[in-house]
Amino acid sequence: MTSPRGSLRPRPPTLLDRRRRRVDELAEASGRSLTADAFQRLRRNPVAIVGAVIVGLFVLVSILAPWIAPHDAATAFPELQRTLRPDSIPGAQPGFPLGSDQNGRDFFSRMILASRQTLLVGVFATLIGLVFGVLIGALAGAFGGWVDTVLMRVTDVLLSIPSLLLAISIAALTAKPSQTTVIIAVALVSVPVFARLLRGAMLAQRESDHVLAATSLGVKRRAIVLRHMLPNAMGPVIVQATLTLATSILDAAALSFLGLGDGDPARAEWGLMLANAQAYLDVRPALAFWPAIAIILVALGFTLLGEALREALDPKGRR
Amino acid sequence: MLRFIVRRLIQVVPTLLLLSLLLFAWLRSLPGGPAAALLGDKATPEKIAQLNTVLGLDQPVPVQYVRFLGRAVTGDFGNSLITGEPVTTEIARALPATIELSIAALLLAVLLGIPLGYVAARYRGRPLDTTTVIATLVGVAVPVFFLGYLLKQFFAVDLGWFPPSGRQAVGIDATHVTGFAVLDGLLTREFDASWDALVHLVLPAIALATIPLAVIVRITRASVLDVMGSDFVRTANSKGLAPRIVRERHVLRNALLPVSTTIGLQTGLLLAGAVLTEKVFVWGGLGTLLAQAIERRDYPRLQAVVLLGALVYVIVNLLVDLSYAIIDPRVRVR
């Protein structure tokens, strides 16, 4: 509909305006943007809905956690501690719906409050990985040449170590493990993945017709990279980020299990709680089951959402 | 072909060099260095200085790195800080246990995964398919160590069907030839020892196999579906070939290509999974060595095991690329 001949407007569009519009038209030949199209298909996909509901509930609980949880995560209650012995941990009783944890604290409140910490670990680990990965991938994909070669060599080395081993070696090299070191270790593992993914997509964009068109119209290199290549190359990265949210939470739990988690006993985080509960599996398996179920559900939710996104963004599935 | 292999092998060298450099640099960039991390709360300046001299850390960093490399090339990764033994000896002793566990897990994952994925694809959209897909999604979402504990608690402690931990029962006096417990029993005709080792393998192998199994099922399913929709399968069907022949010769053979890549990738990842599984089942392999090294901050051992893990991963991927070139005539080896 929009033609380059828009000269009847009060302020005639500049040459650049017209070129931009022209290039945008070329990029979106179908008339409806890929994003809008993908969202349409996402809404009709039951897998996406289940994933979104799980993730939505998780986020909701973590936002409302301080109001839902009747107690805080660190206080030990005398009425729970009275019956607390190495071979028996008190179960549900009035005021404490899930009973006590191994230290006489309210297990229910800890479960609720832990959703925040777990979300924090997942989101921060993914965001840090995403930011650095996108930076490296975009640089490599935009410049090519020796920049690309150097960056990808380093990325390949990091990719050639199994991710959990890499996370372990990073986390194990700190004198005092804390939540921050867990987040950093888990985040660094995903940096090369994001970088490779974005670089590949950027390279594909570089060869594409719409970028060729923009280049031949004389659009600045910076604008081509930022406006034409990067947004179009972000699809696979967004899918990967959703999946990484799940693996980050699982990897953090694994690090806690290996003794590389936060050493603070007051910290309530599902992975940490699950790891610490292993010692009490004979005494009170519920201490492990609830965090485990929470982790499995949340990981499942992000995975379902990620898979549905991948399907929705796949151009093969259009029409 | 040979030139391709040699070139790929040469490419492995810079990867390992860069990796060792990264590990090395990271180790030295810690505040106070490894000595401070090693001593933890007990660190005093004098103790750190003392330990640095013992570990050779008072030398300039480039000198340290060259020294480390020089020794690493000859297979000397230093002595474990826990046992005082050469790390290489420790690894050599623990290796068979991990390889045995990995083979068992891999067999389980491949032998179950490919048929399951194939059947799911054939009955696409039916309850069997849906159940399989959901199961694979859940399988990936379960923390491995928790699954290990569940299996152990239920099948070993509650039901008593399998032993809860270790590689062999205490009472069994097995002769060790190769270090592979099942194989040793067969070689020395101590079949009870073989059986005992096999029974010990079951639960850890299931725990370790879960993730590769789930991934193999999903890739097989997707790949079979992909091939079933292709033109040459339609041609084969329309020219009246028996459905069985189309399934076996056209669909399955072509669908297994991406699966072989996945199997390779998952094999390389087994060592990482073994760290968690071996800790749960007190297995005594590389994973146990690594877990101990982490707990006690045993850097020489940690460095060696991680480098070995990366080496295995890189080599397995090389083998996958090679097998690809053999299976698929379309892949040209340059």
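Residues numbered from 1 in each chain as written. Chains lettered and ligands numbered in written order. Predicted model: local features only at pLDDT ≥ 70, side-chain atom pairs only at ≥ 80, totals over all residues.

A.B. asks: How should the overall build of chain A be read in this particular structure?
C.D. replies: The secondary structure content of chain A amounts to 12 helices and zero strands. When the helices and strands of chain A are read in sequence order from the N terminus, they spell out α-α-α-α-α-α-α-α-α-α-α-α. Within chain A, buried positions represent 47% of all 319 residues. Partitioning the contacts of chain A with sequence separation of at least 6, the portion at a separation of at least 24 is 73%. (Helix = DSSP H or I, 4+ residues; strand = E, 2+ residues; numbered from the N terminus. Buried ≥ 20, exposed ≤ 12 C-beta atoms within 10 Å, placed from the backbone. Contact = placed C-beta atoms within 7 Å.)

A.B. asks: What is the right way to look at unusual backbone geometry in this model?
C.D. replies: Across residues other than glycine, the phi torsion is negative in most instances, and most of the peptide bonds are trans. A positive phi is found at V282(B), a non-glycine position, where the angle reads about 45 degrees. Topologically, V282(B) is positioned in the loop between α11 (243-281) and α12 (286-296).

A.B. asks: I'm lost on the environment of L269(B) in this one. Help?
C.D. replies: Take L269(B): it is sitting in helix α11. Each C-alpha atom of the pair L269(B) and V246(B) lies 34 Å from the other, and the pair is 23 residues apart in sequence.

A.B. asks: Looking at this structure, how should I read the confidence of the model for chain B?
C.D. replies: Interpreting fine coordinate detail is not advised for predicted regions of low pLDDT. Looking at chain B, pLDDT values average 79 and 84% of them are 70 or higher. Highest mean pLDDT in chain B belongs to helix α5 (residues 87-122) of chain B (88); lowest belongs to helix α2 (residues 33-39) of chain B (63). (pLDDT = per-residue confidence, 0-100.)

A.B. asks: Please clarify how the confidence of the model for chain A should be interpreted in this entry.
C.D. replies: The predicted model of chain A has a mean per-residue pLDDT of 78, with 83% of residues at 70 or higher. Scored below 50 in pLDDT, residues 1-8 of chain A makes six contacts in the model with residues more than four places away or belonging to other chains.

A.B. asks: Can you walk me through the packing of helix α12 (residues 286-313) of chain A against helix α6 (residues 127-141) of chain B in this structure?
C.D. replies: Working note: a packed helix pair is described by the angle between its axes plus the distance between those axes. Interaxial distance between α12(A) and α6(B) falls to 8 Å at its minimum, and their mutual angle equals 120 degrees. Relative to α6(B), the element α12(A) lies oblique. Of the two elements, α12(A) crosses α6(B), and the hand of that crossing is right-handed. On α6(B), the residues that touch I296(A), A299(A), L300(A), T303(A) and L304(A) of α12(A) are L137(B), V138(B), V140(B) and A141(B). Partitioning the contact of α12(A) with α6(B) into residue classes produces eight nonpolar, one polar and no charged. (Axes fitted to C-alpha atoms, helices over the stretch in contact; angles between N-to-C directions. Parallel < 35°, antiparallel > 145°, perpendicular 65-115°, else oblique. Left-handed = near helix turned anticlockwise from the far one by under 90°. Nonpolar A, V, L, I, M, F, W, Y, C, P; charged D, E, K, R; others polar.)

A.B. asks: Where do I start with the domain arrangement of chain B in this structure?
C.D. replies: Where interface size is quoted, it is often the accessible area lost as the parts come together. Residue and element names in this part refer to chain B. Domain assignment breaks chain B into domain 1 (2-72) and domain 2 (87-161 + 205-332). Facing 12 residues of domain 1, the contacting portion of domain 2 comprises 11 residues. Those elements giving two or more residues to the side of domain 1 that touches domain 2 turn out to be α1 (2-28) and α2. When residues in the side of domain 1 that touches domain 2 are grouped by element, the largest group, nine residues, is from α1. (Domains from an automatic or database assignment.)

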